[in-house]
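Fold and geometry: a report
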Amino acid sequence: MSATSPKAKKTDPKAKAGAKAGAKAGPRSKAKASVPLPRRLAALGAILALVAAVVAVGMAIGKNGGDSGKRGPSASGDPSADPMRGAYERAEQATSRRKDGDPLALGRKDAPVVLVEYADYQCSYCGKFTRDSQPELVKKYVDQGVLRIEFRNFPIFGKDSERAARASWAAGQQGKFWQFHDEVYAKLRKGDALAEDKLADMAAKAGVSDIDRFRSDLNGSAAEEAVKKDQQEGYDLGVTSTPSFLVGGRPIAGAQPMAAFDEAIEQARAAAAAKKSGK
């Protein structure tokens, strides 16, 4: 910081008068402008990036036996004890779409907890999460009405990833997003394995009935815009790698063990219940 000279500290009487006049501004100065969603997301981004780093460090310590397995005040089960509760709630409100008929979502629209996943179809750990953790989450929480999963296309490995992301959106237009999503992630696929013809074959295997429409949707502007929207949301939040998750607004980085998701879901569930009861 540069030092301030003594002269710079003096206040001009005219400037004082201007400041007073500004304080007496009319109705315009009193009106509160609403902050656009992208700006709100960007403001949350720095906080969530920091929280994600702290959570990741806590998990690493826990894995190495350096603690009792508890990762912060909220591990006690009292959501009010978590100093980040407000930030998590704001993140959940800003990112959870809860739209009727969203083809990229699983679970009830009014589920108390929403898990938002940012993923790339060439990401090996995204595939690991899909094969290992997702089925258990669906059985344990989605089917019980506790959890809603909302997928966000976040292609970071170039054109092949972007094509696969558009293809998943196109499959969703025929009600087969999750079937196609699981088919792509059934094994690690990269490069030419995600060429348009290969994607069309996977779409047919996933039950997409109109492959001509699938190809048209895949290459259309609507698919491109939908993928860019998801991608920009992730960037605004500070997402830099895949898979990245928000569970009730709490960030989780990477394909973590099921226990990490269990803990985050139970904490978010308790916080949602506390908020509903006015605590």
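Each remark here, short or long, concerns the structure printed above.
Structure report, in brief. (Residues numbered from 1 in each chain as written. Predicted model: local features only at pLDDT ≥ 70, side-chain atom pairs only at ≥ 80, totals over all residues. Heavy atoms only, no water.)

Before going further, it helps to examine the packing of aromatic side chains. The tally for this structure, following the rule as stated, stands at 11 aromatic pairs. On the numbers, 5.4 Å between centres and 50° between planes, the contact of Phe-151 with Phe-177 is tilted. Pair noted here: Phe-151 is in strand β3 (residues 147-153) and Phe-177 is in helix α8 (residues 177-184), with a separation of 26 residues, a long-range link. Of the two residues, Phe-151 and Phe-177, both sit in the buried class. Aromatic pair Phe-180 and Phe-214: ring centres 5.9 Å apart, planes at 55°, arrangement tilted. Of this pair, Phe-180 sits in helix α8 while Phe-214 sits in helix α10 (residues 211-218), placing them 34 residues apart in sequence. One exposure class covers both Phe-180 and Phe-214, and it is buried. If you follow Lys-190 out to its NZ or CZ, it ends over the ring of Phe-157, 5.6 Å from the centre. (Phe/Tyr/Trp six-rings, centres within 6.5 Å; stacked < 30°, edge-to-face > 60°. Helix = DSSP H or I, 4+ residues; strand = E, 2+ residues; numbered from the N terminus. Buried < 20%, exposed > 50% of the residue type's maximum accessible area, 1.4 Å probe, protein only. Lys NZ or Arg CZ within 6 Å of the ring centre and 35° of its normal.)

As a further point, take helix α9 (residues 196-205). For α9, the full list of buried residues reads Leu-199, Ala-200, Met-202 and Ala-203. Angular distribution of buried residues about the axis of α9 spans 160°; they occupy a single face of the element. The exposed set on the far side of α9, more than 90 degrees from its buried face, consists of Asp-201 and Lys-205. A positive backbone phi angle near 100° is found at Gly-207, which sits one or two residues after α9. (Arc of directions from axis to C-beta.)

Keep in mind these values describe shape, not function.
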